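The chain contents come next:
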Amino acid sequence: MEKKNLAVVTQLRHELHQHPELSNEEVWTKQHLIGFLKDHTKLDIVDKGTWFYAVYHAGEGKKNLAFRADYDALPMDEGIDLPYGSQFPGKAHKCGHDGHAATLAGFALEIDQKGADKNIFFLFQPAEETGDGALQCVDLIKENNIDEIFGYHNISGFPFKSVNVIDGTSNCASKGMTIHMEGAPAHASQPEDGANPSFAIAKIIDAIPEFISPDKNKGLILCTVVQVAIGERAFGLSASKGDLLLTIRALYEDELDRLQSNLEDLAKAQAEEFGLKVSFFYNDEFPGTVNLSESSDKIRQVAKAKGMQLLEMKEAFRGSEDFGHYTKLTKGAYCFIGNGEDYPQVHTFEYDFRDELIEAGVELFKGLAEL
């Protein structure tokens, strides 16, 4: 990567870090990235409202490749002293999406200056943290006949600048599930006069270990209790409303669907037994991100050719990633570039994206564009 390009995109990363915006609020971030590309490249820029992409045109009949970066931040404080720290309390780039966006911008500079024999689409995506950003952007795949798409995420616990890849599922599917139960209030001395959801919710929780038993599932499956909220802090009142919040997660989407169905069926049965109304709500829905081996092999080929440490992941990353919406529509693969074995994990106060990963990501993307 050209040193001058690395310098300007590192500065861009710091500017993005100073101005974090949460999912679906990335107005400044989007415009700043568009402004950067307009100032430093001749690429065509297509503004799609909540998101945008830039294009390098190699010509008709050429292969269409897409590369994606996310750019939303997290609802948490900075936590560490940085010269380019967040200027907004309660918002910080603690997942490294500022670095992902800077990497894609650096790649755009290199392609704009040096050219390519393929049509390259640089996709800048909002709202990855809530799982709905990629859904906003999938029209890129359909409208431009994208042949293949690639992306990466920084990851701690793996050697610095190592490229980590896996065939098949790289990120588990997951969703937030709320089971809402509503009965009727009664005096605490006469609970039989009301309908209390406590026992129904307790039975649902008690059934979770059986639902996620390895004996009944072929892949990793998890059901994490996030919150139980039943009744009010009033000792004279028998509870009449309750919410059970769960995060359900699975290596295979069909098993996630079965877990959801089992939970819903049990909740309906318990509601009928205890005279309750039941409803379900879902948040932060992520598909499984599934790598095509053909695309993963290209990542392997480039990493080896460029002398980058290549590691085969032994299992999928449990954390979810909405990149899977793209790989449902076209070829593609998603990999991880290591922050270091002992580097702080993402989503912690101690974490900050390592600027050195920008060049590693750009070189990986450049190699993929040249295949």
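Below: a short report on this structure. None of these values were measured; they are calculated from a predicted model.

How each quantity is defined
- Residues numbered from 1 in each chain as written.
- Predicted model: local features only at pLDDT ≥ 70, side-chain atom pairs only at ≥ 80, totals over all residues.
- Heavy atoms only, no water.
- Helix = DSSP H or I, 4+ residues; strand = E, 2+ residues; numbered from the N terminus.
- Rg over C-alpha atoms; globule rule 2.2 N^0.38 Å.
- Contact = heavy atoms within 4.5 Å.
- Areas by Shrake-Rupley, 256 points an atom, 1.4 Å probe, with all protein chains shown as cover.
- Lys, Arg positive; Asp, Glu negative; His and termini not counted.
- Charge placed at Lys NZ, Arg CZ, Asp CG, Glu CD.
- Phe/Tyr/Trp six-rings, centres within 6.5 Å; stacked < 30°, edge-to-face > 60°.
- Buried < 20%, exposed > 50% of the residue type's maximum accessible area, 1.4 Å probe, protein only.
- Pairing = 2+ DSSP bridges.
- Axes fitted to C-alpha atoms, helices over the stretch in contact; angles between N-to-C directions.
- Expected span 1.5 Å × (residues − 1).
- Arc of directions from axis to C-beta.
- Salt bridge = Lys/Arg side-chain N within 4 Å of Asp/Glu carboxyl O.
- Core = buried A, V, L, I, M, F, W, Y, C linked by side-chain atoms within 4.5 Å.

## Looking at the overall build of the chain
And then number 1: Across its full length, the chain holds 10 helices and 16 strands.
And then number 2: Its C-alpha radius of gyration of 23 Å places the chain within 12% of the 21 Å reference for a compact globule of 371 residues.
And then number 3: Along the first, second and third principal axes, the C-alpha set of the chain runs to 80 × 45 × 40 Å.
And then number 4: The contacts in the chain between residues at least 6 apart in sequence include a share of 80% that link residues at least 24 apart.
And then number 5: Carbon and sulfur atoms provide 50% of the accessible area of the chain, an area that totals close to 16100 Å².
And then number 6: Separation between the mean location of the 36 positive side-chain charges and that of the 59 negative ones in the chain comes to 5 Å.

## Some details on the packing of aromatic side chains
And then number 1: Under the counting rule described, the total for this entry stands at 15 aromatic pairs.
And then number 2: Plain terms: the ring middles of Phe199 and Phe274 are 6.4 Å apart, the flat faces sit at 20° to each other, and that makes the pair stacked. Of this pair, Phe199 sits in helix α6 (residues 198-211) while Phe274 sits in helix α7 (residues 253-274), and the two are 75 residues apart along the sequence.
And then number 3: What makes Phe199 exposed here is its relative accessible area of 57%.
And then number 4: We classify Phe274 as partly exposed; its relative accessible area is 24%.
And then number 5: A centroid spacing of 6.2 Å and a plane angle of 80° characterise the contact between Tyr343 and Tyr351, whose relative ring orientation is edge-to-face.
And then number 6: A network of ring pairs unites the aromatic residues Phe67, Phe107, Phe122, Phe150, Tyr152 and Phe365 as a single cluster.

## Quick look at the sheet that holds strand β8 (residues 173-182)
And then number 1: Reading across the sheet, the four strands line up as β10-β12-β8-β13 and stay open at both edges, with antiparallel pairing between neighbours. Edge positions in the sheet fall to β10 (221-230) and β13 (277-286), since each of these pairs with one other strand and no more. Within this sheet the neighbouring strands show an average axis-to-axis angle of 15°, counted without direction.
And then number 2: Where β8 meets strand β12 (residues 241-250), 10 bridges bridge the pair, whose relative direction is antiparallel.

## Quick word on the environment of Ala200
And then number 1: As for its position among the elements, Ala200 is in helix α6.
And then number 2: What makes Ala200 buried here is its relative accessible area of 0%.
And then number 3: Note: C-alpha distance between Ala200 and Lys268 (68 residues apart in sequence) is 9.6 Å.

## Thoughts on the pairing of β12
And then number 1: Pairing of β10 with β12 involves nine bridges; the strand directions are antiparallel. Across the sheet, Cys223 pairs through a bridge with Ile248, a residue of β12.

## Some thoughts on helix α2 (residues 27-40)
And then number 1: Here α2 contains 14 residues, and its C-alpha end-to-end distance of 20 Å stays within 8% of the 20 Å for a straight helix at 1.5 Å per residue.
And then number 2: Of all the positions in α2, only Thr29, Lys30, Leu33, Ile34, Phe36 and Leu37 are classed as buried. Angular distribution of buried residues about the axis of α2 spans 155°; they occupy a single face of the element. Seen from the open side of α2, the exposed residues pointing more than 90 degrees away from its buried face are Val27, Lys38 and Asp39.
And then number 3: Considering only its buried residues, α2 is in contact with α1 (3-18), β1 (44-47), β2 (52-56), α3 (97-114) and β4 (119-125).

## What to know about unusual backbone geometry
Peptide bonds are trans in most cases, and residues, glycine excluded, mostly fall at negative phi.
And then number 1: Backbone geometry places Ala127, a non-glycine residue, at a positive phi of 55°.
And then number 2: Within the secondary structure, Ala127 sits in the loop between β4 and α4 (133-137).
And then number 3: The residue Asp284 is not glycine, and still its phi comes out positive at about 50°.
And then number 4: Structurally, Asp284 is set in strand β13.
And then number 5: Looking at Asp284, the relative accessible area reads 40%, which means it is partly exposed.

## So, the pattern of salt bridges
And then number 1: Tallied over the full model, the rule gives 29 salt bridges.
And then number 2: With a closest N to O distance of 3.0 Å, Arg13 and Asp352 form a salt bridge. Highlighted residues: Arg13 in helix α1 and Asp352 in the loop between β16 (331-340) and α10 (356-370), separated in sequence by 339 residues. The exposure classification of Arg13 matches that of Asp352, with both residues buried.
And then number 3: Linking Arg68 and Asp322 is a salt bridge whose minimum nitrogen-to-oxygen distance equals 2.7 Å. Here Arg68, found in strand β3 (residues 64-70), pairs with Asp322, found in the loop between β15 (310-312) and α9 (324-327); they are 254 residues apart in sequence, far enough to count as distant.

## Focus: the sheet that holds strand β5 (residues 148-156)
And then number 1: On the basis of which strands lie adjacent, the open sheet formed by eight strands has the order β1-β2-β4-β3-β5-β16-β6-β15 and mixed pairing. Strands at the two margins of the open sheet, each flanked by one partner only, are β1 and β15. The sheet shows a mean angle of 25° between the axes of neighbouring strands, taken without regard to direction.
And then number 2: One ladder, built from three bridges, connects strand β6 (residues 163-165) with β15; its direction is parallel. Pairing of Val163 across the sheet is with Leu310, part of β15.
And then number 3: The strands touched by α2 are β1, β2 and β4; relative to β1, the strand with the most contacts, the crossing angle is about 165°.

## Regarding the environment of Glu356
And then number 1: By secondary structure assignment, the location of Glu356 is in helix α10.
And then number 2: With a relative accessible area of 39%, Glu356 lands in the partly exposed category.
And then number 3: Beyond its immediate stretch of four places on either side in the chain, Glu356 contacts Phe160 and Lys161.

## Here's the deal with the nonpolar core
If you look at soluble globular proteins, the nonpolar side chains tend to sit buried side by side.
And then number 1: Ranked by internal contacts, the top residues of the largest apolar core, which has 72 residues, are Phe67, Phe107, Ile120, Phe122, Ile299 and Tyr326.
And then number 2: With residues near it in sequence (within four places) discarded, Tyr326 still touches Arg68, Leu123, Gln125, Ala134, Cys137, Val138, Ile141 and Ile149.

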